[in-house]
Amino acid sequence: MTTYATPPGGLPPQDKTLDERAVFTPAYAYLPADTMRDITTSFLPGWTGMRMWIIARPLTGFAETFSHYIVELSHLGGSETPEENAAAEGVIFVVQGHGELTIDGQTHLLRPGSYAYLPAGAAWTIKNDHADAFTFHWLRKRYLPSPHVAAPAAFVTHEADAPVIEMPDTGGRWSTTRFVSPTDMAHDMHVNIVNFQPGGVIPFMETHVMEHGLYVLEGTAEYRLNDDWVSVGPGDYMWLRAFCPQACRATGDGPFRYLLYKDVNRHAALDL
């Protein structure tokens, strides 16, 4: 059974050795899982029984195109009006527990590995209908319409049902679980899962226009972020600005996998 990392919460004891790995630079940010504690949570009006870790948000010198939350709902927690911005599209990816998502009147039962795309302007609700905590990633982006394509519709799927595409000439050691086809121009963001088997690598310094957010779901790796090699593991988060060089070397005996956000399929903005 696939398991996914979740924030540790709680608070470290006073005699714990300080974890000094967190880094915030003009090119990238690295937030170890150990930073996601009770006192670093946020809350939203219109919700009950919820807390969340905001691990990326639009900010000068930081994320420009998206926000990334990890939301935790207690029993019967949730919201009837979760999204206040009619221009915001969203993706939900479940990592713990069970819940109910209703989109435009249709209810979907969510479990670990469930994925939902929420179009801008969609009417949706979400709640935890079980006793245990219900935890999910919620990524939000202002949708950029195009005159050439209709806006994408809502859909709900599961990781087990999504195609896994191997990168060329890698023998399956590097692949991507794709919830949206890269040829579907209606979508202006991709939230996928990148998979590395032990020994898998990104064998060159990727440098490109897409902004990235990476949350490690399982496994370990050495990840190159601009000038630095960083040791990463379950629950760690990385943000890479556009054109930040990156590479990867999977370590350990099991798969290394991360949830990946990137902006795609639109002109480069000229109004900054």
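To start, this report covers the structure provided alongside it. Counting starts from 1 at the beginning of each chain's written sequence and moves along it residue by residue. At least 70 in pLDDT is required for a residue's local features to be given in this predicted model, at least 80 for side-chain atom pairs to be given and counted, and no such filter applies to totals for whole chains, interfaces and linings, which use all residues. Just so you know, side-chain values use all the structure's heavy atoms and leave hydrogens and water out.

**Quick word on the overall build of the chain**
Line of reasoning, step 1. Numbered from the N terminus, helices here are DSSP runs of H or I no shorter than four residues, and strands are runs of E no shorter than two. Helix and strand counts for the chain stand at zero helices and 21 strands.
Line of reasoning, step 2. Here the C-alpha atoms of the chain give a radius of gyration of 18 Å, agreeing with the 19 Å that 2.2 N^0.38 yields for 272 residues.
Line of reasoning, step 3. Along the first, second and third principal axes, the C-alpha atoms of the chain reach 55 × 45 × 40 Å.
Line of reasoning, step 4. Any residue under 20% of the maximum accessible area for its type is buried, any over 50% is exposed, and the rest in between are partly exposed; the area is computed with a 1.4 Å probe on protein chains only. Here the chain holds 272 residues, and the buried ones make up 49% of them.
Line of reasoning, step 5. Surface accessibility of the chain: about 13000 Å² in total, with carbon and sulfur atoms responsible for 55%.
Line of reasoning, step 6. Asp and Glu count as negative and Lys and Arg as positive, but His and the ends of the chain are not part of the count. Lysine's charge is taken at NZ, arginine's at CZ, aspartate's at CG and glutamate's at CD. For the chain, the distance from the average site of its 18 positive side-chain charges to the average site of its 31 negative ones is 3 Å. Put simply, the radius of gyration uses C-alpha atoms, and a globule should come to 2.2 Å times the residue count raised to 0.38. Per-residue accessibility takes into account occlusion by the displayed protein chains alone, with areas from the Shrake-Rupley method and a 1.4 Å probe.

**Thoughts on the sheet that holds strand β18 (residues 228-232)**
The strands making up a sheet are joined through hydrogen bonds of the backbone, oriented either antiparallel or parallel.
Line of reasoning, step 1. If DSSP finds at least two bridges between two strands, the strands pair. Strand order in the open sheet formed by four strands is β15-β20-β17-β18, and the pairing between neighbours is antiparallel. Unpaired on one side and paired on the other, β15 (201-206) and β18 mark the two borders of the sheet. Here the strands of the sheet are splayed against their neighbours by 20° on average, with no regard to which way each runs.
Line of reasoning, step 2. Relative to β18, strand β17 (residues 220-225) is paired through five bridges, and the arrangement is antiparallel. Following the sheet pairing, A221 is matched in β18 by V232. Every angle, taken between N-to-C directions, lies between 0 and 180 degrees, and every axis is a line fitted to C-alpha atoms, over only the stretch in contact when it is a helix.

**Some thoughts on the packing of aromatic side chains**
Line of reasoning, step 1. The aromatic pairing rule takes the rings of Phe, Tyr and Trp, using the six-membered ring of Trp, and pairs them if the centres are within 6.5 Å, calling planes under 30 degrees apart stacked, those over 60 edge-to-face and the rest tilted. Evaluated as defined, the whole model comprises 15 aromatic pairs.
Line of reasoning, step 2. On the numbers, 5.3 Å between centres and 45° between planes, the contact of F134 with F136 is tilted. Here F134 and F136 have matching classes, each one buried.
Line of reasoning, step 3. Each ring, one from W174 and one from F196, has its centre 5.6 Å from the other, and the planes form 20°; the classification is stacked. Residue W174 is found in strand β13 (residues 174-177), and its partner F196 is found in strand β14 (residues 189-196); the two are separated by 22 residues along the sequence.
Line of reasoning, step 4. Stacked on the ring of W138, the Lys or Arg R140 has its end atom at 5.7 Å from the ring centre.
Line of reasoning, step 5. Working rule: Lys NZ or Arg CZ, within 6 Å of ring centre, within 35 degrees of ring normal, means a charge sits over the ring. Between R249 and the ring centre of W229, over which it is positioned, the NZ or CZ distance is 3.8 Å.

**A look at the pattern of salt bridges**
Line of reasoning, step 1. A carboxyl oxygen of Asp or Glu within 4 Å of a side-chain nitrogen of Lys or Arg is what we treat as a salt bridge. Tallying each qualifying case throughout the model produces 12 salt bridges.
Line of reasoning, step 2. Across the salt bridge formed by E64 and R241, the nearest N and O atoms sit 3.8 Å from each other. One end of the pair, E64, is in the loop between β3 (48-56) and β4 (66-79); the other, R241, is in the loop between β19 (237-240) and β20 (246-251), with 177 residues separating them in the sequence.
Line of reasoning, step 3. With relative accessibility at 33%, the residue R241 sits in the partly exposed group.
Line of reasoning, step 4. Several salt bridges share partner residues, and in doing so they unite K16, D34 and R37 into one network.

**Some remarks on the sheet that holds strand β1 (residues 23-24)**
Line of reasoning, step 1. Across the sheet, eight strands lie side by side as β1-β2-β19-β16-β21-β14-β13-β12; this open sheet has antiparallel pairing. Where the open sheet ends on each side, the last strands, each with one partner, are β1 and β12 (164-166).
Line of reasoning, step 2. Pairing of β1 with strand β2 (residues 28-31), which is carried by two bridges, proceeds in the antiparallel orientation. Its bridge partner being in β2, V23 is matched across the sheet by Y30.

**Brief notes about unusual backbone geometry**
Line of reasoning, step 1. The phi dihedral of F243 falls on the positive side, at around 75°, and the residue is not glycine.
Line of reasoning, step 2. As for its position among the elements, F243 is in the loop between β19 and β20.
Line of reasoning, step 3. With phi around 65°, N265 is a residue other than glycine that occupies positive phi space.
Line of reasoning, step 4. Along the polypeptide, N265 turns up in the segment after β21 (256-263).
Line of reasoning, step 5. Judged by relative accessible area, which is 27%, N265 ranks as partly exposed.

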